[in-house]
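Structural features, examined
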Amino acid sequence: MQIIRNRFMVNHIPRFGFKYMSDSTFLNEEHLQIQKAALDFAKEKMLPYSAEWDKKHHFPKDVLRELAAMGFSTIYVKQESGGVGLDRLTASVIFEALSYGDVTTTAYLTIQNMCAYMVDQFGNEEQKKTWIPRFGTFDAFASYCLTEPNSGSDSKNMKTFAKKDGNDYVINGSKCFISGGSVSDVYLVMCKTSEKDVSCILVEKGTPGLSFGKLEDKMGWNASPTAMVLFDNVRVPQSNLLGKEGNGFKMAMSALDGGRINIASCSLGGASFAFDLTKDYLHDRKQFGQPLAAFQGLQFKFADMATNLVTSRLIVRQAAQMIDNSHPDKTLYSAMAKRYATDSCFNLANEALQLHGGYGYLREYQVERIVRDLRVHQILEGTNEIMKVIISRNLLK
């Protein structure tokens, strides 16, 4: 029993390898090479430390800067803007592989990529020149600010308001559940600029009137800080407007299709790790004189886990390709992929915990962390209930 306990504590890396991640459906040779580079980094630089980051609530800035040096912080920013210029399918492959090592750090990396994408797509040349190189090295950390205390799914009902005053905007209001809140160097703030119009304004850390709430004590995602962002007569120049005034909601929705694929990809990576841990455990743990892998009931559970993981990966990659191809149904399929993959991957991780028995419930083991980290993916980037609204509206219109 002590052998089992030692083998499956926090430094255990599944010996059977990364079988299901190597699925090459939709992937070419370049995708596979990038996937290998990301997975090697995840196993060497993330997985051995992820339990400690979670326990100590440590935000690994140094690791994020190493990932930036590999080009992973501006993946789908155009090359002429200073980015890497890859597609959404490649980004999905990268985020899945990195999440095998640590879900939370990778999830923050997806936010940095989304902010860089928004500046690339909607910013003027001066904004691109100022921010994209800094995002690309993690010289500047970025946060995306949409959700408010009284407007989550009902984002059009936001109260944060930017009023023109001379050549400036004066912003008042608050945002909540902001990843990187208090740590990030710049905040992409969605706010009202009239009673009907929503705009996006860049606000730098240190601007007078900008402050932060306490760091939230969360169930998971402990390696990434989350806090409220508060605006009390925050004055910024009108040149900080990203894109056109009144286009903020359109910008937010365009970013969310990709954001949903990104977070679904993080779910795939975490679930793959839980799956591999469980495969090892079923072979090594014995009851009634035989390994757990010999019991048909557990074989059936494991078969369902594998099937759900593979089908989740397929729909996520299909949706990523639809974004790359500007398919008219890209929003529909992104919502489907996000809903299906985040639900299925959380259920897989939860089943993995169950198959570990009492050991799965201990923090010194790793599967319970995956359960905690994947749970929020069913809520953010649009709750899975909102995904069903999007799906049904698209199909019934």
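Note that the structure is predicted; figures quoted are calculated from it, not measured.

1. Some points on the overall build of the protein chain
Scanning the protein chain for helices and strands turns up twelve helices and ten strands. Here the C-alpha atoms of the protein chain give a radius of gyration of 21 Å, agreeing with the 21 Å that 2.2 N^0.38 yields for 397 residues. Each of the 397 residues in the protein chain was classed as buried or not, and the buried ones make up 55%. Long-range pairs, those at least 24 residues apart, make up 75% of the contacts in the protein chain with a sequence separation of at least 6. The positive charge centre, built from 46 side chains, and the negative charge centre, built from 43, are 3 Å apart in the protein chain.

2. Regarding the pattern of salt bridges
Inspection of the entire model under this criterion finds 18 salt bridges. Note that D120 and K78 form a salt bridge whose closest N and O atoms lie 3.2 Å from each other. You can see D120 sitting in helix 6 (residues 103-122) and its partner K78 sitting in the loop between helix 4 (61-69) and helix 5 (88-99), a full 42 residues away along the chain. On the basis of relative accessible area, D120 is assigned to the buried category, the value being 1%. When its relative accessible area of 30% is taken as the criterion, K78 is described as partly exposed. Ionic pairing is found between K301 and E351, a salt bridge with its closest N-O pair at 3.4 Å. Separated by 50 residues along the polypeptide, K301 in helix 9 (residues 296-324) and E351 in helix 10 (residues 330-355) bring together distant segments of the chain. Note on K301: relative accessible area 34%, which makes it partly exposed. Ionic contacts of the salt-bridge type, sharing partners, join the residues D54, R363, E368 and R372 into one network.

3. Comments concerning helix 4
The complete set of buried residues in helix 4 reads V63, L64, L67 and A68. Here the buried residues of helix 4 occupy an arc of 150° about the axis, which is enough to place them on one side. The inward-facing, buried residues of helix 4 contact helix 2 (29-46), helix 3 (50-56), helix 5, helix 6 and helix 7 (125-137).

4. Here's the deal with the environment of A271
Note that A271 resides in helix 8 (residues 248-284). With a relative accessible area of 0%, A271 lands in the buried category. Considered as a pair, A271 and C345 are 74 residues apart in the sequence and their alpha carbons are 5.3 Å apart.

5. Some words on the nonpolar core
Counting residues in hydrophobic clusters, the biggest one holds 98 residues, and the most contacted among them are F72, L98, M118, Y144 and M190. Top contributing element to this core by residue count: helix 8, with 15 residues. If sequence neighbours within four positions are ignored, Y144 has contacts with I111, M114, C115, M118, I178, L188, M190 and A252. Of all hydrophobic cores here, the second largest spans 16 residues; its members include L210, V229, V236 and L241.

6. Observations concerning the pairing of strand 2 (residues 161-165)
Across a regular strand the side chains alternate sides, sitting on one face of the sheet and then on the other. Here five bridges tie strand 2 to strand 3 (residues 168-179), and the two strands are oriented antiparallel to one another. Each residue of the ladder has a partner; that of A162, found in strand 3, is I171. Taking the residues that link successive antiparallel strands as the turn, the strand 2-strand 3 hairpin has two residues, and the phi of G166 there is positive, at about 65°.

7. Some points on the pairing of strand 5 (residues 198-204)
In terms of burial, strand 5 is a largely internal element, six of the seven residues being buried. Where strand 4 (residues 186-192) lies against strand 5, seven bridges are found, and the strand directions are antiparallel. Pairing of V186 across the sheet is with E204, part of strand 5. What sits between the antiparallel neighbours strand 4 and strand 5 is a turn of five residues. Bridging between strand 5 and strand 8 (residues 241-242) involves two bridges; their strand directions are antiparallel. In the strand pairing of strand 8, I201 is matched with L241.

8. Quick notes on the packing of aromatic side chains
In this structure the tally under the stated criterion is 13 aromatic pairs. Seen in terms of ring centroids, Y49 and W53 are 6.3 Å apart; in terms of plane orientation they differ by 25°. Their pairing is stacked. Arranged with centres 4.6 Å apart and planes meeting at 45°, the rings of F138 and F141 form a pair that is tilted. A relative accessible area of 0% means that F138 is categorised as buried.

9. Comments concerning the UniProt feature "domain: Acyl-CoA dehydrogenase/oxidase N-terminal" (unreviewed entry) in the protein chain
As annotated in UniProt, the feature "domain: Acyl-CoA dehydrogenase/oxidase N-terminal" (unreviewed entry) corresponds to residues 28-135 in the numbering used here. The distance separating the terminal C-alpha atoms of residues 28-135 is 28 Å; by composition the span is 71% helix and 0% strand.

10. Here's the deal with the side chain of S143
Tracing the chain through its elements places S143 in strand 1 (residues 142-145). Given a relative accessible area of 0%, S143 falls into the buried group. Within the local environment of S143, its side chain forms a polar contact with the backbone oxygen of S179, the two atoms lying 2.6 Å apart.

11. Some words on the domain arrangement of the protein chain
Looking at the protein chain, the domain boundaries give domain 1 (29-141), domain 2 (143-246) and domain 3 (249-396). Using only C-alpha atoms to locate each centre, domain 2 and domain 3 end up separated by 30 Å. Contact residues are listed per partner, giving twelve residues for domain 2 and twelve residues for domain 3. Here domain 2 and domain 3 share an interface that buries about 1100 Å² over both sides, 71% of which is from carbon and sulfur atoms. Of all residues in domain 2, the largest losses of buried area upon contact with domain 3 belong to S153, M219 and W221, amounting jointly to 46% of the total for that side. Where domain 2 meets domain 3, there are zero salt bridges. Joining domain 2 to domain 3, the criterion identifies three residue pairs in polar contact (both at pLDDT 80 or more). Among the residues forming the side of domain 2 that touches domain 3, the class breakdown is seven nonpolar, four polar and one charged.

Scoring rules and cut-offs
- Residues numbered from 1 in each chain as written.
- Predicted model: local features only at pLDDT ≥ 70, side-chain atom pairs only at ≥ 80, totals over all residues.
- Heavy atoms only, no water.
- Helix = DSSP H or I, 4+ residues; strand = E, 2+ residues; numbered from the N terminus.
- Rg over C-alpha atoms; globule rule 2.2 N^0.38 Å.
- Buried < 20%, exposed > 50% of the residue type's maximum accessible area, 1.4 Å probe, protein only.
- Contact = heavy atoms within 4.5 Å.
- Lys, Arg positive; Asp, Glu negative; His and termini not counted.
- Charge placed at Lys NZ, Arg CZ, Asp CG, Glu CD.
- Salt bridge = Lys/Arg side-chain N within 4 Å of Asp/Glu carboxyl O.
- Arc of directions from axis to C-beta.
- Core = buried A, V, L, I, M, F, W, Y, C linked by side-chain atoms within 4.5 Å.
- Pairing = 2+ DSSP bridges.
- Phe/Tyr/Trp six-rings, centres within 6.5 Å; stacked < 30°, edge-to-face > 60°.
- UniProt positions renumbered as here; feature names shortened; annotations may be inferred.
- Polar contact = N/O pair within 3.5 Å; in protein donor to acceptor, adjacent residues only side chain to side chain.
- Domains from an automatic or database assignment.
- Buried area = accessible area lost by both parts, 1.4 Å probe.
- Nonpolar A, V, L, I, M, F, W, Y, C, P; charged D, E, K, R; others polar.

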